[in-house]
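Below, each chain spelled out in residue letters.
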Amino acid sequence: MCGIIGYTGREQALPLILGGLERLEYRGYDSAGVAILEKDKLIVEKKAGKIRELVKDLWGKPYKGKAGIGHTRWATHGEPSEDNAHPHTDEKGEIAVVHNGIVENFVELKRRLETHGIKFKSDTDTEVIAHLIALNYKGDLLSAVLSAVKELKGAFAFAVISSKEPMRIIGVKLGSPLVVGIGKEENFLASDIPAILPYTRHIITLSDGEIADITPEGVNLYDFNGNPITKEISLVPWDIISAEKAGFKHFMLKEIYEQPKSVGDTIRGLVSSEEILPFHLKDFRRVLIIACGTSYHAGLVGKFWIEKYTSVPTEVIYASEFRYSDIPVGEKDLIIAISQSGETIDTKFAVNFARDKGAKTLAIVNVVGSSIDRESDFTLHTHAGPEIGVAATKTFTAQLAALYFLAIQNTPREDKLLQDLIGTPSLMEKVLEKAEDIENISEKYLKKRNFLYLGRYLSYPIALEGALKLKEISYIHAEGYPAGEMKHGPIALIDEAMPVVIIAPKDRVYEKTLSNLAEVKTRKGKVIGVGFSEDNHLKDLCESYLEIPAVVEDLSPFLTVIPLQLLAYYIASKLGLDVDQPRNLAKTVTVE
Ligand code: F6R
């Protein structure tokens, strides 16, 4: 949450920082701001609302400074307002800070700073950082930052610039992500690689407890004790074109369409020798899958596959619940942490917690070099490419591919099962061919305020995922439920006003799901079915029908989720909502 960027070099900093912030906007978009070094003075401009509000405000202002920092915010401490927008400065306006994460002891620090007569201008935790650095400043920004960092508790990343040492920016990482971009006579800091991809593909990913001191001439790295360190520069394989909309109205729609490719790329990546794991799931007493949101739903699907093919008992737990539970974890357990960003703090803390207890940790992440990637014992990478839409789509199906691949390892039918998996992307293409039908169907439901999503067995997590997609981008209330549980309560909600999405591929629970469908129809519920194209019986029972091609039972989630992503997308898009950046959300959630 929150995106930060810093630039120092030979170009005008402002356009470059604003461009970077637009690419970081998925991390938060409550307010935005910049600090630019203009003739040895720091100019700070900030605005509540999205980056475009800041851009409008800066229109025509002649800032030519060649160093600066920028921020896009997802509010934690202090409402989203101009005063609380970053950068925050010290009292003299000589030091400016942009920050991602939380300073947990800020109340205590604020009280102490106030006893020095310091007056706070905002309600944020960030402002203490600027004042602490100013208080410790004795002519060297790095030394002042090192002293300030010793007093801060929490998980954060921040960048600091000072008018007293023009062209120098210091970046600090502890918990939240921060990368250094290496250019020619210019260098960058950013929360995430896409922010600086148009300018450089040479990246150093900072680890927790590291500091980068950047000027146009070079980059120096230190630990929190001020000892110099060296790190490798890596070349980012992503192409910037893959982060553009390519003619689609929204990134989310583009990413839904990219799924056959991203699942195919993920399977190819996994079968390559580099991804072979030195253990088998059967080596463990138990598998614990930890994740949040959509990644948690992928985990629920994975549980069915793992138990089917390995018989190893598998539990799926929200990372935020796992970390503070008393669940016994030990060396006989395998923890699978699923996270597209690899930065979700709940999941990251859960990994650290499990490792401390002696469990082996395996990450399934999309972002190479992310915290969870680095901090887990092993990683399976999904190869979905950058996902910009806040609602996860292509990373979900790529996670499914990784989980299925993992579950079928060393099973007697591994080759046949792998062939089925390899055939899935072409079936996904066929689902996408029906997008126009789904767009037309969506028109019927634009005014509905509640939806129920039902499914059994492998379709139950897909019901949860379909409901999550709808609520997060359309703000329509939607609930996912195991179809067989409906009669134990939610059935009371059903009347002629309630659209009920029922996912019913022909699998082991097909007949049972149809009985649940009958229960809905008897109470006049309007059924939107998801099922096989040739299943005319099911089609006749539904008010609307979202078709998928016939597929083997195991792999239905790869197909059934796509019509639900599209339904949510078209409803939100036709309601004129900001599909790629829904309110209150952020792509990467780096607060607990
Ligand atoms: C929903 C969504 C979120 C994420 C969740 C976990 O569309 O995107 O629910 O799935 O925040 O994020 P990662 O996978 O990055 O850990």
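Residues numbered from 1 in each chain as written. Predicted model: local features only at pLDDT ≥ 70, side-chain atom pairs only at ≥ 80, totals over all residues. Heavy atoms only, no water.

Right, let's talk about the site of the ligand for a bit. In the vicinity of the ligand lie 14 residues, with Ser295, Ser339, Ser341, Thr344 and Glu472 positioned nearest. Side-chain polar atom of Ser339 to an oxygen atom of the ligand: 2.6 Å apart, as the coordinates give it. Notes on the ligand: free accessible area 410 Å², of which the protein chains cover 91%. When residues of the shell around the ligand are traced back to their parent elements, those giving at least two are helix H8 (293-310) and helix H15 (459-474). (Near = heavy atom within 4 Å. Polar contact = N/O pair within 3.5 Å; in protein donor to acceptor, adjacent residues only side chain to side chain. Areas by Shrake-Rupley, 256 points an atom, 1.4 Å probe, with all protein chains shown as cover. Helix = DSSP H or I, 4+ residues; strand = E, 2+ residues; numbered from the N terminus.)

A separate point is the packing of aromatic side chains. In total, this model carries 15 aromatic pairs according to the counting rule given. A ring pair is formed by Tyr7 and Phe188, whose centres lie 5.2 Å apart and whose planes are at 55°; its orientation type is tilted. On the criterion of sequence distance, the pair formed by Tyr7 in strand E1 (residues 3-8) and Phe188 in strand E10 (residues 187-190) is long-range, its members being 181 residues apart. These aromatic residues form a ring-pair network of at least three members: Trp305, Tyr309, Tyr404 and Phe558. Positioned above the aromatic ring of Phe120, the side-chain terminus of Lys110 is 5.0 Å from the ring centre. (Phe/Tyr/Trp six-rings, centres within 6.5 Å; stacked < 30°, edge-to-face > 60°. Lys NZ or Arg CZ within 6 Å of the ring centre and 35° of its normal.)

Let us look at the pattern of salt bridges. Per the stated rule, a full pass over the model turns up 33 salt bridges. We note a salt bridge from Arg168 to Glu165, for which the minimum N-O separation is 2.5 Å. For the pair shown, Arg168 and Glu165 are each scored as buried. A salt bridge links Glu210 to Lys231, with the shortest nitrogen-to-oxygen separation between them at 2.8 Å. In this pair, Glu210 sits in strand E12 (residues 210-215) while Lys231 sits in the loop between strand E14 (228-229) and strand E15 (234-235), placing the two residues 21 residues apart along the sequence. Using a relative accessible area of 12% as the deciding quantity, one classes Glu210 as buried. Ionic contacts of the salt-bridge type, sharing partners, join the residues Asp140, Glu165, Arg168 and Asp213 into one network. (Salt bridge = Lys/Arg side-chain N within 4 Å of Asp/Glu carboxyl O. Buried < 20%, exposed > 50% of the residue type's maximum accessible area, 1.4 Å probe, protein only.)

The next thing to look at is the packing of helix H7 (residues 259-271) against helix H13 (residues 414-432). Remark: H7 packs on H13, axes separated minimally by 8 Å, with the N-to-C direction vectors making an angle of 165°. What the angle tells us is that H7 and H13 run roughly antiparallel. Where H7 crosses over H13, the two elements pack in a sense that is left-handed. Between H7 and H13, the contacting residues are Gln259, Pro260, Val263, Gly264, Ile267 and Val271 on the first element and Leu418, Leu421, Ile422, Pro425, Met428, Glu429 and Leu432 on the second. (Axes fitted to C-alpha atoms, helices over the stretch in contact; angles between N-to-C directions. Parallel < 35°, antiparallel > 145°, perpendicular 65-115°, else oblique. Left-handed = near helix turned anticlockwise from the far one by under 90°. Contact = heavy atoms within 4.5 Å.)

So, about the state of the cysteines. The full count for this structure, using the stated rule, is zero disulfides. Take Cys2: it sits in no disulfide, and the sulfur closest to it among the cysteines is that of Cys292, at 18 Å. (Disulfide = S-S within 2.5 Å.)

Another aspect to go through is the domain arrangement of the protein chain. Here the protein chain is described as being made up of domain 1 (3-241), domain 2 (251-422) and domain 3 (433-578). Its C-alpha centre places domain 2 at a distance of 26 Å from the equivalent point of domain 3. Contact residues are listed per partner, giving 26 residues for domain 2 and 24 residues for domain 3. Of the roughly 2100 Å² buried between domain 2 and domain 3 on both sides combined, carbon and sulfur atoms contribute 73%. Ranking the residues of domain 2 by area buried against domain 3 places Met252, His297 and Phe304 at the top, with a combined share of 24%. Along the contact surface separating domain 2 from domain 3 lie one salt bridge. Between Asp554 and Lys308 there is a salt bridge, with its nearest N and O atoms 2.9 Å apart. Scanning the region where domain 2 abuts domain 3 turns up nine residue pairs in polar contact (both at pLDDT 80 or more). (Domains from an automatic or database assignment. Buried area = accessible area lost by both parts, 1.4 Å probe.)

Attention shifts here to the sheet that holds strand E24 (residues 526-532). Read from one edge of the open sheet, five strands run E22-E21-E23-E24-E25, paired in parallel fashion. Looking at strand neighbours, the two that pair on one side only are strand E22 (477-482) and strand E25 (544-548), the edges of this open sheet. When the angles between neighbouring strand axes are averaged without regard to direction, this sheet yields 20°. Relative to strand E23 (residues 499-503), strand E21 (residues 450-455) is paired through three bridges, and the arrangement is parallel. Bridging across to E23, Leu454 finds its partner in Ile502. (Pairing = 2+ DSSP bridges.)

When you tally the buried positions in E24, you get six out of seven residues, the bulk of the element. Once the chain exits E23 it traverses helix H16 (residues 510-522) before rejoining the sheet at E24, and the crossover so formed is right-handed. In the sheet, E24 pairs with E25 via five bridges, with the strands oriented parallel. Each bridged residue has a counterpart across the sheet, and for Ile528 the counterpart in E25 is Ser544. Following the backbone out of E24, through helix H17 (residues 536-541) and into the adjacent parallel E25, one traces a crossover that is right-handed. (Right-handed = clockwise from strand over helix to strand, strands pointing away.)

This next bit is on the sheet that holds strand E11 (residues 202-205). Either a parallel or an antiparallel arrangement is found when strands of a sheet pair, and the pairing is made through backbone hydrogen bonds. Reading across from one edge, E3-E2-E4-E1-E10-E9-E11-E15 is the order of the eight strands in this open sheet, with antiparallel pairing throughout. Two strands bound the open sheet, and with one partner strand each, they are strand E3 (41-48) and E15. Across three bridges, the pairing between strand E9 (residues 179-182) and E11 is antiparallel. Counted as the bridge partner of Val180 is Ile204 from E11. Sheet strands in contact with helix H1 (residues 13-24) are E1, strand E2 (31-38), strand E4 (67-73) and E10, and its direction is about 155° off that of E1. This element, helix H2 (residues 51-58), spans E2, E3 and E4 of the sheet and lies at about 130° to E3.

Along the chain, Asn352 turns up in helix H10 (residues 345-356). With 194 residues separating them in the primary sequence, Asn352 and Leu546 have C-alpha atoms 42 Å apart.

Looking now at the pairing of strand E19 (residues 360-365). Burial of E19 is extensive: five of the six residues sit out of reach of the surface. By the bridge criterion, six bridges tie strand E18 (residues 333-339) to E19 in an arrangement that is parallel. Residue pairing in the sheet places Ile336 in a bridge with Leu362 of E19. Following the backbone out of E18, through H10 and into the adjacent parallel E19, one traces a crossover that is right-handed. Sheet topology places E19 next to strand E20 (residues 378-381); four bridges connect them, and they run parallel. The residue bridging Leu362 from the neighbouring strand is Phe378, located in E20.

This part takes up the packing of helix H12 (residues 394-408) against H13. Interhelical geometry of H12 versus H13 gives an angle of 170° and a closest axis separation of 10 Å. Put simply, H12 runs roughly antiparallel to H13. Seen along the crossing, H12 lies across H13 with a hand that is right-handed. Contact residues: Thr397, Ala401, Tyr404, Phe405 and Ile408 in H12; Glu414, Leu417, Leu418, Leu421 and Met428 in H13. Its residues assigned to classes, the contact of H12 with H13 shows eight nonpolar, one polar and one charged. (Nonpolar A, V, L, I, M, F, W, Y, C, P; charged D, E, K, R; others polar.)

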